[in-house]
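Here's the letter readout for the chains.
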Amino acid sequence: DGGITQSPKYLFRKEGQNVTLSCEQNLNHDAMYWYRQDPGQGLRLIYYSQIVNDFQKGDIAEGYSVSREKKESFPLTVTSAQKNPTAFYLCASGSPGTQYFGPGTRLLVL
Amino acid sequence: QKEVEQNSGPLSVPEGAIASLNCTYSDRGSQSFFWYRQYSGKSPELIMFIYSNGDKEDGRFTAQLNKASQYVSLLIRDSQPSDSATYLCAVTASSYKLIFGSGTRLLVRP
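Residues numbered from 1 in each chain as written. Chains lettered and ligands numbered in written order. Predicted model: local features only at pLDDT ≥ 70, side-chain atom pairs only at ≥ 80, totals over all residues. Heavy atoms only, no water.

Q: In this structure, what is going on with the overall build of chain B? I would like to understand it.
A: Counting its regular elements, chain B contains zero helices and 11 strands. Helices and strands in chain B line up, N terminus first, as β-β-β-β-β-β-β-β-β-β-β. A compact globule built from 110 residues would reach a C-alpha radius of gyration of about 13 Å, and chain B, at 13 Å, matches this within 12%. Referenced to the eigenvectors of the C-alpha coordinate spread, the extents of chain B come out at roughly 40 × 30 × 20 Å. A buried classification covers 45% of the 110 residues belonging to chain B. In chain B, once contacts between residues fewer than 6 apart in sequence are set aside, the share between residues at least 24 apart is 53%. Carbon and sulfur atoms make up 47% of the accessible area of chain B, which amounts to about 5200 Å² in all. In chain B, which carries 11 positive and 10 negative side-chain charges, the distance between the mean positions of the two groups comes to 4 Å. (Helix = DSSP H or I, 4+ residues; strand = E, 2+ residues; numbered from the N terminus. Rg over C-alpha atoms; globule rule 2.2 N^0.38 Å. Buried < 20%, exposed > 50% of the residue type's maximum accessible area, 1.4 Å probe, protein only. Contact = heavy atoms within 4.5 Å. Areas by Shrake-Rupley, 256 points an atom, 1.4 Å probe, with all protein chains shown as cover. Lys, Arg positive; Asp, Glu negative; His and termini not counted. Charge placed at Lys NZ, Arg CZ, Asp CG, Glu CD.)

If you want it as structure tokens, here you go:
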């Protein structure tokens, strides 16, 4: 069953805590992306990776970090430096236009 | 800053009518244009793309592009309540980046 998965569906972060969002794809795509969506807003690019062991900052990378050690996996860490992390986080893979999105992770701050 | 602008709506149309969704973009160098549909609480899914000036039809959907006016639109014929969603316009900003508009919310009244 091909697709892109994200976990967890909901994530709660305490003050000063780092949390990691998982993203896995079995579509054999080279490129993967992380977006943030705030209520009533479009998607803003956090990081993207065109190939294993390489990634670039998007438009709102401050307070986030990523790794790309495997083609299938592109985890996102929301660090304590991100002061307003509450949002819907979407991972995608594929070419820039034909992107397949995972189901998303909702991050909430306790 | 490259931008993609959409009216947030909601655009309300009766069932069976034509829904017209509009999008303008600021970067004259943009080459590829996409429409994504996002149901409430879900991730976006690609429904149409267009590269050349003119119209492109796919079932009940027609995408229209006018590069001179920097304008792209999506027409939905015979609108159904199941078409009620937010429609995101997206434009390629580089070989590996998409810029998304904030979306137009469409409500189709039974």
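Next comes the rest of the account.
Q: Where do I start with the interface of chain A and chain B in this structure?
A: Counting residues at the interface gives 22 residues for chain A and 17 residues for chain B. Together, the buried faces of chain A and chain B total about 1600 Å²; carbon and sulfur atoms form 59% of this surface. Between chain A and chain B we count one salt bridge in total. For Asp59(A), the salt bridge identified is with Lys97(B), shortest N-O distance 3.1 Å. (Buried area = accessible area lost by both parts, 1.4 Å probe. Salt bridge = Lys/Arg side-chain N within 4 Å of Asp/Glu carboxyl O.)

Q: When you look at the state of the cysteines in this model, what are you seeing that I'm missing?
A: Two cysteines form a disulfide when their sulfur atoms are joined by a covalent bond. All names here are of chain B. Counted by the stated rule, this structure contains two disulfides over all chains. Between the sulfur of Cys23 and that of Cys89 lies a disulfide, 2.1 Å long from S to S. The sign of the -75° torsion about the S-S bond sets the Cys23-Cys89 disulfide as left-handed. Of this pair, Cys23 sits in strand S3 (residues 19-25) while Cys89 sits in strand S9 (residues 85-94), and the two are 66 residues apart along the sequence. For the pair formed by Cys23 and Cys89, the shared burial category is buried. (Disulfide = S-S within 2.5 Å.)

Q: Would you mind showing me how to read the sheet that holds strand S3 (residues 19-25) of chain A here?
A: By way of backbone hydrogen bonds, the strands of a sheet pair with one another, either parallel or antiparallel. Residues and elements named next belong to chain A. A sheet is described by the order of its strands in space; here four strands give the open sequence S1-S3-S8-S7, paired in antiparallel fashion. The sheet terminates laterally at strand S1 (4-7) and strand S7 (64-66), the two strands that pair on one side only. Taken pair by pair, the neighbouring strands of this sheet meet at an average axis angle of 20°, ignoring direction. In this structure, S3 lies alongside strand S8 (residues 76-78), joined through three bridges in antiparallel fashion. Across the sheet, the residue bridging to Leu21 is Leu76, located in S8. (Pairing = 2+ DSSP bridges. Axes fitted to C-alpha atoms, helices over the stretch in contact; angles between N-to-C directions.)

Q: Hey, could you run me through the pattern of salt bridges in this one?
A: Residues and elements named next belong to chain B. The final tally for this structure, using the stated rule, is seven salt bridges over all chains. Close ionic contact of Arg77 with Glu57 constitutes a salt bridge, the shortest N to O distance being 3.4 Å. Placement of the pair is Arg77 in the loop between strand S8 (71-76) and S9 and Glu57 in strand S6 (residues 54-58), with a sequence separation of 20 residues. Using a relative accessible area of 26% as the deciding quantity, one classes Arg77 as partly exposed.

Q: Help me understand the sheet that holds S3(B) in this model?
A: Residues and elements named next belong to chain B. As summarised here, the arrangement of the five strands in space is S1-S3-S8-S7-S6, forming an open sheet in which the pairing is antiparallel. A strand with exactly one partner marks an edge of an open sheet, and here the two such strands are strand S1 (4-5) and S6. Here six bridges tie S3 to S8, and the two strands are oriented antiparallel to one another. Pairing of Cys23 across the sheet is with Val72, part of S8.

So far we have only geometry, and geometry alone does not tell us how the molecule works.
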